[in-house]
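Breakdown of the fold
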Amino acid sequence: MSFPDDVRYSKDHEWVRADGSKATIGITSFAADELGDIVFVELPQVGAALKQFAAFGVVESVKAVSDLFAPLSGTVTEVNARLQAEPELLNSDPFGEGWIARVDVADGGELEQLLDAGGYAKLTS
């Protein structure tokens, strides 16, 4: 399994793609594969304050229910409403159309606490 180089990864299997003070958050393909067919996603509210490594939502699959953990702190500016009707996007395109939330980043230095693609590949091997 390969992981994109343009994102950072948490040990809880979330990813973040930062663009200056903005960031997009999702779950990794590894997490989606481990969960199996995803059938429901509880999204955070726009305006919610995320704290790094704290729970901010839930993913439910045919196998399990799993909390989502914020890879960094920030304020939610947008959620992927498509996931309400199409939660399977987390399985089919986790690093693209299956993104979960967009945030205004509170502390860009928190990215340094996350893994790069190589480190995440080692974690999941």
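First, a word on what this report is: a plain description of the structure on this page.

Reading the values: the criteria
- Residues numbered from 1 in each chain as written.
- Predicted model: local features only at pLDDT ≥ 70, side-chain atom pairs only at ≥ 80, totals over all residues.
- Heavy atoms only, no water.
- Helix = DSSP H or I, 4+ residues; strand = E, 2+ residues; numbered from the N terminus.
- Rg over C-alpha atoms; globule rule 2.2 N^0.38 Å.
- Buried < 20%, exposed > 50% of the residue type's maximum accessible area, 1.4 Å probe, protein only.
- Contact = heavy atoms within 4.5 Å.
- Areas by Shrake-Rupley, 256 points an atom, 1.4 Å probe, with all protein chains shown as cover.
- Lys, Arg positive; Asp, Glu negative; His and termini not counted.
- Charge placed at Lys NZ, Arg CZ, Asp CG, Glu CD.
- Pairing = 2+ DSSP bridges.
- Axes fitted to C-alpha atoms, helices over the stretch in contact; angles between N-to-C directions.

The next point concerns the overall build of the protein. In terms of helices and strands, the protein carries 4 helices and 9 strands. Each helix (α) and strand (β) of the protein, taken in turn from the N terminus, gives the series β-β-β-α-β-β-β-β-β-α-α-β-α. At 13 Å, the protein has a C-alpha radius of gyration in line with the 14 Å of a compact globule built from 125 residues. Referenced to the eigenvectors of the C-alpha coordinate spread, the extents of the protein come out at roughly 35 × 35 × 20 Å. Each of the 125 residues in the protein was classed as buried or not, and the buried ones make up 46%. Of all intrachain contacts in the protein linking residues separated by at least 6 positions in sequence, the fraction that spans at least 24 positions is 63%. About 6,200 Å² of surface is accessible on the protein, with carbon and sulfur atoms providing 48% of the total. When the 9 positive and 21 negative side-chain charges of the protein are each reduced to one mean point, those points stand 4 Å apart.

Strands sit in the order 1-2-3-9-8-5 across an open sheet of 6 strands; the sheet is antiparallel. Each edge of the open sheet carries a strand with a single partner, namely strand 1 (8-9) and strand 5 (49-50). With 5 bridges joining them, strand 8 (residues 74-79) and strand 9 (residues 101-105) adopt antiparallel strand pairing. What sits directly across from V79, in strand 9, is A101.

With respect to the helices and strands, the residue V16 is situated in strand 2 (residues 14-19). The spatial distance from the C-alpha of V16 to the C-alpha of F56 is 14 Å, given a sequence separation of 40 residues.

Either a parallel or an antiparallel arrangement is found when strands of a sheet pair, and the pairing is made through backbone hydrogen bonds. Spatial ordering of the open sheet is given by 4-6-7, a layout of 3 strands whose pairing is antiparallel. A strand with exactly one partner marks an edge of an open sheet, and here the two such strands are strand 4 (38-42) and strand 7 (65-69). When the angles between neighbouring strand axes are averaged without regard to direction, this sheet yields 25°. The pairing of strand 4 with strand 6 (residues 55-61) spans 4 bridges and is antiparallel. Counterpart to V41 in the pairing with strand 6 is V59.

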